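Descriptive structure summary
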Amino acid sequence: MAKILVCDDDKEIVEAIEIYLSQEGHQILKLLDNEDGTYTLFVKKIKEDFIMSKFKYSVGPWNVHEGADAYGPATRETIDLEEKIKTFAEMGFDAIQFHDDDAVPNMNELSEGEVVSEAKALKAMLDKYNLKAEFVAPRLWMDPHTVDGGFTSNSDEDREFALWRAYRSIDIANALGCDKIVLWLAREGTICFESKSPVESTKKLIDAINKMLAYDKNIKIMIETKPNEPIDRSVCPTLGHAMAISATSDDPSRVGGLLESAHAMLAGLDPANEIGFALAMGKLWGVHLNDQNGMKFDQDKSFGVENLRTAFNQMKVLMENGFGNNGEYIGLDVKVMRTEKQSGSYKHLENSLKIAKMLEEKVNKFDYDFQKKCVAERDYEALEMYVMELLMKG
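Here's what I pulled together on the structure shown here. (Residues numbered from 1 in each chain as written. Predicted model: local features only at pLDDT ≥ 70, side-chain atom pairs only at ≥ 80, totals over all residues. Heavy atoms only, no water.)

**Concerning the packing of helix 11 (residues 347–365) against helix 13 (residues 380–392)**
The relative placement of two packed helices is expressed as an angle between their axes plus a distance between the axes. In contact at an axis separation of 10 Å, helix 11 and helix 13 are set at 135° when each is read in the N-to-C sense. Classed by the angle they form, the pair helix 11 and helix 13 counts as oblique. The interaxial crossing formed by helix 11 with helix 13 has right-handed handedness. Across from Leu359, Lys362 and Lys365 in helix 11, the residues of helix 13 making contact are Tyr386, Leu390 and Leu391. Broken down by class, the residue content of the contact of helix 11 with helix 13 amounts to 4 nonpolar, no polar and 2 charged. (Axes fitted to C-alpha atoms, helices over the stretch in contact; angles between N-to-C directions. Helix = DSSP H or I, 4+ residues; strand = E, 2+ residues; numbered from the N terminus. Parallel < 35°, antiparallel > 145°, perpendicular 65-115°, else oblique. Left-handed = near helix turned anticlockwise from the far one by under 90°. Contact = heavy atoms within 4.5 Å. Nonpolar A, V, L, I, M, F, W, Y, C, P; charged D, E, K, R; others polar.)

Here it is as structure tokens:
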């Protein structure tokens, strides 16, 4: 990233310089009015194969990990948080997704004031690299208090702890300058059906969401749905369930959904269809694009590498319906293969970002006149073949 000082207070001249730099292969990251008759342009040189995008993209620190899984130890070394953030900025990402304890490690041991102070220090780091925070998510599934769930736990004490973490997540979000909380309801369900009432669990979840809405009148809550894993039966497995919970909350205008591709596939659903459903409701506030080989464990594979046509249709639905026009980000929630060496720790993100942008280009080339002709003639075989040729030809 480079800084260019423009010593002219004529905004038209500044805009002309921006256009010239773009034509010469630079990406304009930020324009800062110095309020002294000058402007500072933050730019970076674009790689020759760089593809411009209509979207803003986000990523989480957990997407660069050490390779440990349920059956084996780590295969790579830990990378420092600031090093990750610096690399994300260099790769062209616009925002960072955070769990609460990504932003403030050891937060259970800190006072409320100390949590906010730590979050403000992180905000300064984001500003240093010209990045935004997209959301904060309370990581309730890793704590001893939430073995039996957080908001739906059978323990009054553990439900109170879950709310404490949710409130601190809201505090962290405010300190980072974002207004969204994500609830991935990882353990909100059962591994033994008879251990909890699905009716009472749903009511407990709605009650917890209402308390978050009351805690901060500006915060928005995105429910990230998943049908199972780590629990057997989720209390909120699909976006349809999330929409129902939103409608039942005290302020439906502040409760929406986040769709992860792999989670929809685990439910036996088409993620493009789930995206379309939430868009129709005006409730799709975030997406996590990735891929999945069948209804197995959650794989978080690079976007489009297993189901290319499904990936194309996800991008198509997002582009056709103005996703991003209200500041939404496309999140990439992918993990590198365990076999990758240390030097390849970011390769899956590079690949996913490139595939997403290549599919944007494919959508831009889509022949809607031909689509209308096929629909009018009910010739869906021709339409399907057209899509396959669009994807498979250069």
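**So, the packing of aromatic side chains**
Across all of its chains, the model carries 10 aromatic pairs by this definition. Arranged with centres 4.6 Å apart and planes meeting at 70°, the rings of Trp141 and Trp184 form a pair that is edge-to-face. Of this pair, Trp141 sits in the loop between strand 6 (132–137) and helix 5 (156–176) while Trp184 sits in strand 7 (residues 180–184); the two residues are 43 residues apart in sequence, bridging distant segments of the chain. With a relative accessible area of 13%, Trp141 lands in the buried category. Seen in terms of ring centroids, Phe312 and Phe366 are 6.4 Å apart; in terms of plane orientation they differ by 45°. Their pairing is tilted. Taken together, the residues span a long stretch of sequence, with Phe312 in helix 10 (residues 308–320) and Phe366 in the loop between helix 11 and helix 12 (368–376) at a distance of 54 residues. Across this residue pair, the class does not change: Phe312 and Phe366 are buried. Cluster of aromatic residues (ring-pair linked, three or more members): Phe312, Phe366, Tyr368, Phe370 and Tyr386. The side chain of Lys56 reaches across the aromatic face of Tyr329, ending 4.6 Å from its centre. Between the NZ or CZ atom of Lys316 and the centre of the ring of Phe366, over which it lies, the distance is 4.8 Å. (Phe/Tyr/Trp six-rings, centres within 6.5 Å; stacked < 30°, edge-to-face > 60°. Buried < 20%, exposed > 50% of the residue type's maximum accessible area, 1.4 Å probe, protein only. Lys NZ or Arg CZ within 6 Å of the ring centre and 35° of its normal.)

**Considerations on the layout of surface pockets**
Here the largest pocket defines a volume of roughly 1800 Å³. Every residue lining the largest pocket is counted, 49 residues in all, and those nearest its centre are Trp62, His65, Ala68, Asp300 and Lys335. Listing elements by their share of the lining of the largest pocket, those giving two or more residues are helix 2 (81–91), strand 6, strand 7 and helix 11. A total of 3 residues in the lining of the largest pocket trace back to one element, the largest contributor, which is helix 11. Here the lining of the largest pocket is composed, by residue class, of 20 nonpolar, 10 polar and 19 charged. (1 Å grid on protein atoms, 1.4 Å probe; cavity = no way out; pocket = protein on both sides within 12 Å on 5 of 7 lines; lining within 4 Å. Points joined across faces, edges and corners; volume = space filled by probe spheres on them.)

**Quick word on the pairing of strand 7**
Buried residues dominate strand 7, accounting for 4 of its 5 residues. In this structure, strand 7 lies alongside strand 9 (residues 220–224), joined through 5 bridges in parallel fashion. Across the sheet, Ile181 pairs through a bridge with Ile221, a residue of strand 9. (Pairing = 2+ DSSP bridges.)

**Some remarks on the pairing of strand 12 (residues 284–289)**
Counting buried residues in strand 12 gives 6 out of 6 residues, a clear majority hidden from the surface. Two strands pair when backbone bridges link them, and strand 12 and strand 13 (residues 330–332) are joined in this way by 3 bridges, in the parallel orientation. Looking at strand 13, one finds that Leu289 is bridged to Leu332.

**As for the packing of helix 7 (residues 239–248) against helix 9 (residues 271–280)**
At a closest axis distance of 10 Å, the pairing of helix 7 and helix 9 adopts a crossing angle of 20°. As judged from the angle between their axes, helix 7 and helix 9 are roughly parallel. Where helix 7 crosses over helix 9, the handedness of that crossing is right-handed. On the side of helix 7, the interface is formed by Leu239, Gly240 and Met243, while helix 9 contributes Glu274, Phe277 and Ala278.

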